[in-house]
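# Observations on chain architecture
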Amino acid sequence: IQIVIVSGPAASGKTAVAHALSNQLKGLGLHCEVLSTDNYYFDRSSEGYPLGPNNVLHMESIKALQVSKLRQHAAALLEGEAISVPLFDKPSGTVLDQERILQLPPG
């Protein structure tokens, strides 16, 4: 298995489950990384950010995510390439000027 995807509605515990699974797999001696979609949100101040009812920002919309970048990064990881994971700050709704370098080991 190369990828495990955890999905569910907002605030359902996906990230907590992913990190718990990662810790369990590491405890078994396996290499595991968590690539969170939370880091692929567009900056909330971006023009064209999706709006829901009453013109409230709609973070549940797929249009709120940088889907093409996430796809490119997942494909690059599977090819053994290093990626620069963007860091998103949920409280402020901004993409930070920092990134995290991630690369999977061979095999």
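See the structure above.
Presented here is an overview of the structure given in this document.

Calculation rules
Residues numbered from 1 in each chain as written. Predicted model: local features only at pLDDT ≥ 70, side-chain atom pairs only at ≥ 80, totals over all residues. Heavy atoms only, no water. Helix = DSSP H or I, 4+ residues; strand = E, 2+ residues; numbered from the N terminus. Buried < 20%, exposed > 50% of the residue type's maximum accessible area, 1.4 Å probe, protein only. Contact = heavy atoms within 4.5 Å. Areas by Shrake-Rupley, 256 points an atom, 1.4 Å probe, with all protein chains shown as cover. Lys, Arg positive; Asp, Glu negative; His and termini not counted. Charge placed at Lys NZ, Arg CZ, Asp CG, Glu CD. Core = buried A, V, L, I, M, F, W, Y, C linked by side-chain atoms within 4.5 Å. Phe/Tyr/Trp six-rings, centres within 6.5 Å; stacked < 30°, edge-to-face > 60°.

## So, the overall build of the protein
- Secondary structure summary: the protein contains 2 helices and 2 strands in total.
- Secondary structure elements in the protein, listed N-terminal to C-terminal, are α-α-β-β.
- Its C-alpha atoms put the protein at 50 × 25 × 20 Å along the principal axes.
- Across the 107 residues in the protein, those meeting the buried criterion constitute 23%.
- Residue pairs at least 24 apart in sequence account for 42% of intrachain contacts in the protein once pairs closer than 6 positions are excluded.
- Summing over all exposed atoms, the protein offers an accessible surface of approximately 7500 Å²; the carbon and sulfur share of this is 54%.
- With 8 positive and 10 negative side-chain charges, the protein shows a spacing of 6 Å between the two charge centroids.

## A few points about the nonpolar core
- Among the nonpolar cores identified, the biggest contains 6 residues, and these are Tyr40, Ala76, Leu77, Ile83, Val85 and Leu102.
- When residues of this core are traced back to their parent elements, those giving at least two are helix H2 (67-78) and strand E1 (83-89).
- The next biggest cluster of nonpolar side chains, apart from the first, holds 5 residues, and it includes Tyr41, Ala64, Leu65 and Phe88.

## Points about the packing of aromatic side chains
- Under the definition given, this model contains 1 aromatic pair.
- Look at Tyr41 and Phe88: their rings are 5.3 Å apart centre to centre, the planes differ by 45°, and that puts the pair in the tilted class. Of the two residues, Tyr41 sits in the loop between helix H1 (14-27) and H2 while Phe88 sits in strand E1, which places them 47 residues apart along the sequence. An identical accessibility class is assigned to Tyr41 and Phe88; each is buried.

Geometric descriptors of this kind do not, in isolation, establish any biological role.
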